[in-house]
Amino acid sequence: MATAARRTVAHPAEASAPSPAPSTAPSTVGPVAARPTGPVAAGLALAVLATLVWSGSFVTSRALGDSVPPVQHAFWRWVVALAVVAPFGARRAWRQRALIRRHLGFVVLASLLGVTVYNTLVNQAGVTTPAANMGMIMAASPVLMALWERAGGVRLGARRIAGLVVACAGVLLLVGGDGASFSAGDLWMIAAACCFGSYSALLRRRPEGLDGVGFLFTTFLFGTVLLLPAQGVSLAVQGGFHPTPGTVWPLLYVGVASSAVAFFAWNKAISLIGPSRAGVVYYLQPVCVALLSWALLAEPTGWTQAGCMALILTGVVLGAGARG
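Conventions we followed
- Residues numbered from 1 in each chain as written.
- Predicted model: local features only at pLDDT ≥ 70, side-chain atom pairs only at ≥ 80, totals over all residues.
- Heavy atoms only, no water.
- Axes fitted to C-alpha atoms, helices over the stretch in contact; angles between N-to-C directions.
- Helix = DSSP H or I, 4+ residues; strand = E, 2+ residues; numbered from the N terminus.
- Parallel < 35°, antiparallel > 145°, perpendicular 65-115°, else oblique.
- Left-handed = near helix turned anticlockwise from the far one by under 90°.
- Contact = heavy atoms within 4.5 Å.
- Nonpolar A, V, L, I, M, F, W, Y, C, P; charged D, E, K, R; others polar.
- Core = buried A, V, L, I, M, F, W, Y, C linked by side-chain atoms within 4.5 Å.
- Buried < 20%, exposed > 50% of the residue type's maximum accessible area, 1.4 Å probe, protein only.

Caption draft 1: Geometry of the packing of helix α6 (residues 104-125) against helix α10 (residues 184-203). Axis separation between α6 and α10 bottoms out at 8 Å; the angle between their running directions is 155°. The angle between α6 and α10 places the two elements in the roughly antiparallel class. At the point where α6 passes α10, the crossing takes the left-handed sense. Contacts from Phe106, Leu109, Ala110, Leu113, Gly114, Val117, Tyr118, Leu121, Val122, Gln124 and Ala125 of α6 reach α10 at Gly185, Trp188, Met189, Ala191, Ala192, Cys195, Phe196, Ser198, Tyr199 and Leu202. Looking at side-chain class alone, the contact of α6 with α10 contains 17 nonpolar, four polar and no charged residues.

Set out below in structure tokens:
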């Protein structure tokens, strides 16, 4: 009984993970030192899954840039995502409607940043910017995640900071070494990176007790509703697109995989390991996007890109495994 009374309360980031075995003293060896292993491993795996799936969505945005208007691309993406998540999340969201109403400002802000604005900006960038450039620029978002987390009082630790610096250096060399010049699409991507970094940092403050799947459904619903005015304007000004296998299948991919699956995995990863550590994993994205764009869109790559990608991977391994 005395041992159970001295059990420490889990950190919020570990709340959804199984509780570790109790320890009678705060020793740095034994079960206490190994306590984060399960949640951290799961969080890193989920962050990697989300990053890999999202890499494909940049290629999709580029591929649909000439056939589907950006706002309509985003709108139908979230309609599909809502249809996929509704059977799992609608009832949970309804049961927690009082909690959602109490934290409505947080939910609306998360919906606006992560759903309404972020992906619309990515699609707009895809009209003029190569997919590889989009992935490289998005790699700036982990820096913003870390800055937001540090501003919230979280100590990042020397190893994690070193991983961020090394991975960021690889991205900068990758951007600077390919001879690409900035375009309007690149500026759209910078704005998208800021939105995503802020959204990820915001997830750390998700109200306690708010169900993950219910929260996901609610943000998808609110984000889609917030897109309705822009969807109406796009239809009136640009007209609708013609559904073909070349447009429908990519929209199904981004709706099911890049939205329902990847956002659930990313949100869960944030709750387990925090935005700064998940952000280090996110540096894998330019590597994945460059490889996919080379394989699927025939966008060029070379030895310089390969060397920079190795540098990015080194930073990810260094920073993602850091405890502090």
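Picking up after the structure, the text goes on.
Caption draft 2: Seen up close, the nonpolar core. Counting 62 residues, the largest nonpolar core has Phe58, Tyr118, Met138, Met189, Phe196, Phe220 and Trp266 as its most contacted members. Counting residues per element, this core draws most heavily on helix α12 (residues 245-282), at 13 residues. Those residues in contact with tyrosine 118 that lie beyond four places of it in its chain are Phe58, Leu112, Leu113, Met138, Ala192, Cys195, Phe196 and Tyr282.

Caption draft 3: Region of the structure containing the side chain of asparagine 267. By secondary structure assignment, the location of asparagine 267 is in helix α12. With near-sequence residues (within four places) excluded, asparagine 267 lies in contact with Tyr199, Leu203, Phe215 and Leu216.

Caption draft 4: Here's a closer look at the packing of helix α11 (residues 212-238) against α12. With their axes 10 Å apart at the nearest point, α11 and α12 run at an angle of 125° to one another. Relative to α12, the element α11 is oriented oblique. Where α11 crosses over α12, the handedness of that crossing is right-handed. Every residue of α12 that contacts α11 at Val213, Phe215, Leu216 and Phe220 is listed here: Ser259, Ala260, Phe263, Phe264 and Asn267. Of the residues in the contact of α11 with α12, the class split is seven nonpolar, two polar and no charged.

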